[in-house]
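# Overview (structure and organization)
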Amino acid sequence: MSANALSAWRHPDTSHAIQWLKDAVSLAKDGRLDAAIHPLEKYIKLKPDHFEAIHLRAEILLKKDDFDGAIKGFTHAIQLKPLNGLPYYNLAQTLQKKGNNKEALRLYNMALELKFEPSITLNGMGIALRDLKRTDEAMSVFNQLITQHPDYLPGYINRCTVFLRQHQLKKAIADCDTALGINENYLDAWYNRGFCFGELLDYQEAHHCYHQVLLRDPDNKKVMFAMALIKLALGDYANGWKEYEVRFDDTSLGLKKPAIQHDVWDGKTPLCSKRVAVYIEQGLGDILQFCRFVPRLADMGAEVWLIAPQSLTRLLESLDSRIHITTGEISAPDYAITLMSLPYLLGINKESEFGRAGYLSAPSGLVTWWQQQLGGNGRVRIGLAWSGNSTHKNDHERSLALADLLAVLPPHLDYVVVQKDIRADDAALLASQSSHRIAQPEKQDFADTAALCASLDLVISVDTSVAHLAGAVGCPLWVLLPHNPDWRWLLGRDDSPWYAGARLWRQPAHGDWQRPLQALAQALLQAYPELQPAVLPTGH
């Protein structure tokens, strides 16, 4: 949260426009941000270098998520008063929201040197270091913060998140308990405590913590969403889908609602002869998993348009000939639907209703082309996807280092990289290693990757879009999962109701990839044993 300069507002001593300022300050305090901008802009036009006015406008723009405008404003404020730590701090906050933690860290240091509120500044520094994956440095900053300001509650909550990264869940829970000992009504502590117990798969205690939040804040959408994920992970789809509908109601969840300008289908109104636009949401894997439900709208007589990213359009054309695939807006639809609301709206509450396997397919000519490119040497080929999007909030749990994977993979098999992006350390290892035969073919889009996967004997993937792609096209699939997996992989089973034939390999404890990797390697050897040379009889 940006530091609030409103209470310290200093009006200009003399100005015929003083009322504009008073109006802007009053409206901003009341949260009427759009209304506050108008009188403020009129004042700034008269006094373009008034620090407080420039800074207030930047604060308003930050609250409106106009990050570029806020950055420009805070930068101007720094130029006007370079020895004031407040705009450095707020500029750092803005850059953090844009993901520029490195520059934010530099600005936090400058704010600290200018003696600006050390508690919130150290807190921002720790968060930036954590998000830069400089975990030890983040821990050091939070330790300093808590030592110097033992009653500053966000310090405990954010150090808790660093303990989580280090898989020290007992210490993470202890920080939540300390914060609750200071203030039993501190909602963030109850929420984080629930999250920690969820990581331990103790959903009963997690539910208790989330319930404590709702007792104090009955309309807390973030907690409602967390409880929805628990229900879905336990296979309670009827209640889980319903509660999952709150996912766009709290911006802190980071799930952006599609900009829909049309009537939203309620799940009850007949769709016969109606034009329906289905808007995608969240990640590519979500689209690949949930697109299976779109043809059911066509079964109801609707003219269905699925709006998809360019990278998926060629593959999604195989979904159903009745479905129109487009990358742009639809002209005058009768109804709109967000993709992941379909199970709720359609009342799909049983695993048996998830649909057939192989609901997507790669173009046959493309499969043939890949088979020719790979060559017909008769060797077993295994596709590999060991890491996903590095910016994903759970990347540190779900992605692997290539070195850990290669350490267990049998060297007598051929391997093919099926993921698109490769991190620098892994690219260097691929270039230097000689223990395994690993091909790295170029792929244009998801249809290309689907055809490649269809040319392989097996795909091994972590929880990323490649896993959903391979499952959607019906490829043999093994998925490596963290201890507390995403809800869609459920709990305590090695199969998936979403993808027939998929086999799941789960961490038995946080951060323990070695045991599932060793088990997977043994299964590979059993499925594809190394051929031994024939022993010829000796002659006499």
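Our subject is the structure that appears above.
Heads up: these notes are all about the structure in this document. What you are looking at is a predicted structure, and each value in this text was computed from that prediction instead of being measured.

Let us now look at the packing of helix H3 (residues 51–63) against helix H5 (residues 85–97). Here H3 crosses H5 at 20°, and the two axes come no closer than 11 Å. Regarding the angle of H3 to H5, the classification is roughly parallel. Considering the relative orientation of H3 and H5, their crossing is left-handed. Where H3 abuts H5, its residues Phe51, His55, Glu59 and Leu62 lie against Leu86, Pro87, Asn90, Thr94 and Lys97. Split by residue class, the contact of H3 with H5 holds four nonpolar, three polar and two charged.

Next up on the list: the side chain of Asn158. Note that Asn158 resides in helix H9 (residues 153–165). Judged by relative accessible area, which is 13%, Asn158 ranks as buried. Those residues in contact with Asn158 that lie beyond four places of it in its chain are Asn123, Ile127, Arg130 and Phe142.

Another aspect to go through is the packing of aromatic side chains. What the rule picks out here adds up to 18 aromatic pairs. Between Trp489 and Tyr499, the aromatic rings sit 6.3 Å apart at their centres with planes inclined by 45°, giving tilted as the arrangement. Of this pair, Trp489 sits in the loop between strand E9 (477–481) and strand E10 (503–506) while Tyr499 sits in the loop between E9 and E10, and the two are 10 residues apart along the sequence. Among the residues examined, Trp489 registers a relative accessible area of 2% and is labelled buried. Classification of Tyr499 as buried rests on a relative accessible area of 2%.

In the structure shown here, the tally under the stated rule is zero disulfides. The closest cysteine sulfur to the non-disulfide-bonded Cys291 is located on Cys475, 14 Å from its own sulfur. The exposure class assigned to Cys291 is buried, which follows from its relative accessible area of 0%.

Another aspect to go through is the pairing of E9. In regular strands, side chains alternate between the two faces of the sheet. Counting buried positions along E9 gives five out of five residues, so the element sits mostly inside the fold. Across the two faces of E9 the burial is the same, with Leu477, Val479 and Leu481 and Trp478 and Leu480 all buried. Looking at chain direction, strand E8 (residues 458–462) and E9 are connected through four bridges and run parallel. Looking at the pairing, Val459 lines up with Leu477 of E9.

What counts, and where the lines are drawn
Residues numbered from 1 in each chain as written. Predicted model: local features only at pLDDT ≥ 70, side-chain atom pairs only at ≥ 80, totals over all residues. Heavy atoms only, no water. Axes fitted to C-alpha atoms, helices over the stretch in contact; angles between N-to-C directions. Helix = DSSP H or I, 4+ residues; strand = E, 2+ residues; numbered from the N terminus. Parallel < 35°, antiparallel > 145°, perpendicular 65-115°, else oblique. Left-handed = near helix turned anticlockwise from the far one by under 90°. Contact = heavy atoms within 4.5 Å. Nonpolar A, V, L, I, M, F, W, Y, C, P; charged D, E, K, R; others polar. Buried < 20%, exposed > 50% of the residue type's maximum accessible area, 1.4 Å probe, protein only. Phe/Tyr/Trp six-rings, centres within 6.5 Å; stacked < 30°, edge-to-face > 60°. Disulfide = S-S within 2.5 Å. Pairing = 2+ DSSP bridges.

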